[in-house]
Amino acid sequence: MEAWGVVRGGLVADGTVKDILYGLPVGLNKLDDLSTLQAEMEKYGGTVRILLDDLAQVKFLEDYERMQKHPKTWSAFIKMDDGHKRAGIPLESESFKAFMREVFACPVISVFGFYVHAGNGTASTSLEEATSMLTGENWGSERPTISHSSSL
């Protein structure tokens, strides 16, 4: 994993890098490596953050930490679909509220924030086209709205 190159290159030890996002929704097969990476980052006051977008991830993180001698809390972004059906959990899906309830109830997850992939501009072929696409993604009328509710 490329993050190890950042650590081994001394960028964490010298304070240049303090925060690494593992930029894929976390899989069970990556937890040992990410745990080792997190332990190394913590030596220098750094952290590793993960992306979550599926209820199965919540369950296997909890199960994984239950088996550890020194369980930790994972700092996570919730990866949400912005309406373009590109990546993340859709806000309108049946499972969204259940997912959010489980995430916030899970003792081994600390939600750091929300992540939306605004990558529809990657198909552009000019600066003007990319600017137009990204402006539309960030400020367009189709963006989802999030309201605060106690019904989660």
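Counting of residues starts from 1 at the beginning of each chain's written sequence and follows it residue by residue. Note on the predicted model: pLDDT of at least 70 is required for a residue's local features to be given, and 80 or more for side-chain atom pairs to be given and counted; whole-chain, interface and lining totals, by contrast, use all residues. Calculated side-chain values reflect all of the structure's heavy atoms, with hydrogen atoms and water omitted.

J.: Looking at this structure, how should I read the pattern of salt bridges?
T.: One side chain can pair with another of opposite charge once the charged atoms of both are near each other. Take a side-chain nitrogen of Lys or Arg and a carboxyl oxygen of Asp or Glu: if they are within 4 Å of each other, that pair is a salt bridge. If you walk through the whole model with that rule in mind, you get 5 salt bridges. A salt bridge links Lys43 to Glu40, with the shortest nitrogen-to-oxygen separation between them at 2.9 Å. Note on exposure labels: buried denotes an accessible area under 20% of the residue type's maximum, exposed denotes more than 50%, and partly exposed covers the range between, all computed with a 1.4 Å probe on protein chains only. Judged by relative accessible area, Lys43 falls into the exposed class, the value being 61%. Across the pair Asp63 and Arg66 runs a salt bridge whose closest N-O atoms are separated by 2.9 Å. Of the two residues, Asp63 and Arg66 are both situated in helix H3 (residues 55-66); the distance of 3 residues between them amounts to about one turn of the helix. A residue is classified by how much of its surface remains accessible, and Asp63, at 38% relative accessible area, is partly exposed. Secondary structure follows DSSP: runs of H or I at least 4 residues long count as helices, runs of E at least 2 residues long count as strands, and numbering of each begins at the N terminus.

J.: When you look at the packing of aromatic side chains in this model, what are you seeing that I'm missing?
T.: Aromatic ring pairs: the centre-centre distance and the angle between the two ring planes describe each pair. Here is the rule: rings of Phe, Tyr and Trp (six-membered ring for Trp) pair when centre to centre is within 6.5 Å. Planes less than 30 degrees apart are stacked, more than 60 are edge-to-face, and the remainder are tilted. The final tally for this structure, using the stated rule, is 1 aromatic pair. Plain terms: the ring middles of Phe77 and Phe112 are 5.3 Å apart, the flat faces sit at 80° to each other, and that makes the pair edge-to-face. Highlighted residues: Phe77 in strand E3 (residues 74-81) and Phe112 in strand E5 (residues 109-116), separated in sequence by 35 residues. A relative accessible area of 17% places Phe77 in the buried class. Look at Phe112 and you get partly exposed, because its relative accessible area is 48%. Sitting over the face of the ring of Phe112, Arg49 holds its NZ or CZ atom 3.4 Å from the ring centroid. Two conditions define a charge sitting above a ring: the NZ of Lys or the CZ of Arg must be within 6 Å of the ring centre, and it must be within 35 degrees of the ring normal.

Everything listed here is a matter of coordinates, which is why it stays silent on function.
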